[in-house]
Amino acid sequence: MKQIIVVDDSLKLPRGKLAAQVAHAAVAAFLEAGKDAQRAWLSAGMPKVVLKTLGPENLKGLEAAAKRAGIPAAMIADAGRTVLAAGTVTCLGLGPAAAEALDALTGELKLLR
């Protein structure tokens, strides 16, 4: 079990803003998961990986693929109180779900560094 957060790296978010958006995605996706998946992920130590893509279109495509695969997904759009316009899509939380299922969707994406 793991969770993956995919960030729109084209936004070049400041570190603090990026951390907040990733946290929003992690919590929101967790809440989308079933109780069994939540418990299994918590028992596994809450593993998560943060990956990057470019553009909200890629995030929307991943979200659609995740939903077709039955993987919990939560798209995060900013509230617009600081550095971004309201509604700007920043990241997508996926899982917790089986690592193999998540890797099938995101295996070609690179780590966010």
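To be clear, the structure that these remarks concern was listed above.
Residues numbered from 1 in each chain as written. Predicted model: local features only at pLDDT ≥ 70, side-chain atom pairs only at ≥ 80, totals over all residues. Heavy atoms only, no water.

## Quick word on the overall build of the protein chain
What the protein chain contains, in helices and strands, is four helices and five strands. Put simply, the protein chain runs from its N terminus to its C terminus through helices and strands in the order β-α-α-β-α-β-β-α-β. Counting only residues that meet the buried cut, the protein chain has 40% of its 113 residues in that class. Sequence-distant contacts, at least 24 apart, represent 74% of the contacts inside the protein chain between residues at least 6 apart. Distance between charge centres in the protein chain, computed from 14 positive and 10 negative side chains, equals 5 Å. (Helix = DSSP H or I, 4+ residues; strand = E, 2+ residues; numbered from the N terminus. Buried < 20%, exposed > 50% of the residue type's maximum accessible area, 1.4 Å probe, protein only. Contact = heavy atoms within 4.5 Å. Lys, Arg positive; Asp, Glu negative; His and termini not counted. Charge placed at Lys NZ, Arg CZ, Asp CG, Glu CD.)

## Observations concerning the environment of Leu51
Turning to its location among the elements, Leu51 is positioned in strand 2 (residues 48-53). For Leu51, a relative accessible area of 6% gives the class buried. Considering only alpha carbons, one finds Leu51 and Arg113, 62 residues apart in sequence, at a separation of 8.5 Å. Sequence-distant contacts of Leu51, that is, excluding residues within four places in its chain, are made with Ile4, Ile5, Val6, Val7, Thr106, Leu109, Lys110, Leu111 and Leu112.

## Some remarks on the sheet that holds strand 5 (residues 110-111)
Read across the open sheet, the five strands follow the order 3-4-1-2-5; overall the sheet is mixed. Sheet topology places strand 3 (73-77) and strand 5 at the edges, where each strand pairs with a single neighbour. Across five bridges, the pairing between strand 1 (residues 2-8) and strand 4 (residues 89-97) is antiparallel. Within the sheet, the bridge partner assigned to Ile5 lies in strand 4 and is Gly93. (Pairing = 2+ DSSP bridges.)

## A closer look at the side chain of Gln3
Along the chain, the position of Gln3 falls in strand 1. Setting aside anything within four residues of it in sequence, one finds Gln3 in contact with Ala26, Ala29, Phe30, Trp41, Pro47, Lys48, Val49, Leu94, Gly95, Pro96 and Leu102.

## Topic: the packing of aromatic side chains
A full pass over the atoms with the stated rule returns one aromatic pair. Measuring from ring centre to ring centre gives 5.5 Å for Phe30 and Trp41, while their planes differ by 45°; the resulting arrangement is tilted. Note that Phe30 is positioned in helix 1 (residues 15-32) and Trp41 in helix 2 (residues 35-43), a separation of eleven residues in sequence. Each member of the pair, Phe30 as well as Trp41, is classed as buried. (Phe/Tyr/Trp six-rings, centres within 6.5 Å; stacked < 30°, edge-to-face > 60°.)

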